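# Chain and residue survey
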Amino acid sequence: MNSPLNSHRSVLLEETVEALGARTGGKFLDCTFGGGGHAAAILDSGGENFVYAIDRDPQARERASALQQKYVGRFVFCNINFADAGSMCLPPLQGVLMDLGVSSFQLDDGLRGFSFREHTKLDMRMDNSCGRTAADFLNTAAEHELVQAVRDFGEEKDWKKITSLILENRGKNLLTHGDSFAGLIAANFPRKAKDRIHPATKTFQGIRIAINGELDALQRALPVLFEKLGIGGRLVVISFHSLEDRIVKQFFKKMAGQAVSRMDGEPMQFREKFAKILTPKPVIPSKGEVDSNPRSRSAKMRVLEKIK
Ligand SMILES: C[S@@+](CC[C@H](N)C(=O)[O-])C[C@H]1O[C@@H](n2cnc3c(N)ncnc32)[C@H](O)[C@@H]1O
């Protein structure tokens, strides 16, 4: 199903409604409203469902107003970072949803500056009312910030050469537009026949994660959102790359009283179990969904149920 107002195709839609237990009615928090596809599906699946929705993108407010008109008295929107959800006064929730990353609105709107195909200013901010644009970041970030973005967040094996390339090309206008920055990388790392992705893909991903503080927001938000659940409530997280998925998996294990990693030697008697993991393996989209919506291909959904 498309989000109500756009070209964004909501990922794992049916699976999400099931995982949240939304058919039996309750109060839900959608932390990543986007185009409202998941929010609308939750509202449509139970007569009395109420949805609180969050998105840090100021443009999501306009899309949310359509849902406000359609689902009078059952839908509220808040334009904040989900890491700050602790400031919201909410009743105990039956379900919380995070569908991480960016929406097709953001990716497909040249003016938002996410694309490496267009000659538009590199921006990439989800909340474009504040913070550094990607062009500012490329032109002014300290070397260690560039390394963190390209190596750690982009998981780019050629991070050393790419960060040097960025530093060498400052002040030459090559770092300010999507197509010219991507062209700079492509000229230095020509695509091989076996490569399925553009040579700048991982670097772009790393810079986007860095300027939006995506991993930090996720890490801060998970305990806050868990707090907002009532007993029996479910936290459903859809992630799109391994760095996000690892944070989610480790948080879920901690809440379920399990060892977070092989290095975690905390004795069993000191572990407390606050939740049950309902997805020992993540739920992934069917082949049919991936065929009809290639952006869903890397989605992984994990579900945690609060028990105390
Ligand atoms: C993949 S889209 C969600 C699409 C939505 N589920 C739908 O069905 O249309 C992710 C959305 O989450 C928002 N987002 C990402 N990180 C956020 C954060 N830390 N706080 C609030 N919103 C965030 C983005 O601005 C984007 O609109």
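If you're wondering where the values come from, they're calculated on a predicted model, not measured in any experiment.

## A short note on the site of the ligand
What surrounds the ligand is a group of 23 residues, the closest being Ser10, Thr32, Gly34, Gly35 and Gly37. The class makeup of the residues in the shell around the ligand is seven nonpolar, twelve polar and four charged.

## Describing the environment of Leu235
Relative to the assigned elements, Leu235 resides in strand β5 (residues 229-239). Overall, the presence of 29 C-beta atoms within 10 Å leaves Leu235 in the buried class.

## Some thoughts on the packing of helix α6 (residues 143-153) against helix α9 (residues 201-212)
Contact pair α6 / α9: the axes reach a minimum separation of 8 Å and the direction vectors enclose 120°. Considered as vectors, α6 and α9 are oriented oblique to each other. In the crossing of α6 with α9, the sense of the turn from one axis to the other is right-handed. Residue-level inspection shows Glu145, Gln148, Ala149, Val150 and Phe153 of α6 in contact with α9, the latter providing Thr203, Gly206, Ile207, Ile209 and Ala210.

## Overview of the sheet that holds strand β1 (residues 27-30)
As summarised here, the arrangement of the seven strands in space is β3-β2-β1-β4-β5-β7-β6, forming an open sheet in which the pairing is mixed. Each end of this open sheet is capped by a strand with a single partner; those strands are β3 (75-78) and β6 (275-277). Within the sheet, the average angular offset between the axes of one strand and its neighbour, ignoring direction, is 15°. Bridge count for strand β2 (residues 50-54) against β3 is four bridges, and the pairing is parallel. Residue pairing for β3: Ile54 is matched across the bridge by Cys78.

## Here's the deal with the domain arrangement of the chain
When cut into domains, the chain gives domain 1 (13-105 + 214-306) and domain 2 (111-212). One C-alpha centre belongs to domain 1, the other to domain 2, and the line joining them spans 29 Å. Domain 1 puts seven residues into the contact, and the matching count from domain 2 is seven residues. Broken down by class, the residue content of the side of domain 1 that touches domain 2 amounts to four nonpolar, no polar and three charged.

Calculation notes
- Residues numbered from 1 in each chain as written.
- Predicted model: local features only at pLDDT ≥ 70, side-chain atom pairs only at ≥ 80, totals over all residues.
- Near = placed C-beta within 6 Å.
- Nonpolar A, V, L, I, M, F, W, Y, C, P; charged D, E, K, R; others polar.
- Helix = DSSP H or I, 4+ residues; strand = E, 2+ residues; numbered from the N terminus.
- Buried ≥ 20, exposed ≤ 12 C-beta atoms within 10 Å, placed from the backbone.
- Axes fitted to C-alpha atoms, helices over the stretch in contact; angles between N-to-C directions.
- Parallel < 35°, antiparallel > 145°, perpendicular 65-115°, else oblique.
- Left-handed = near helix turned anticlockwise from the far one by under 90°.
- Contact = placed C-beta atoms within 7 Å.
- Pairing = 2+ DSSP bridges.
- Domains from an automatic or database assignment.

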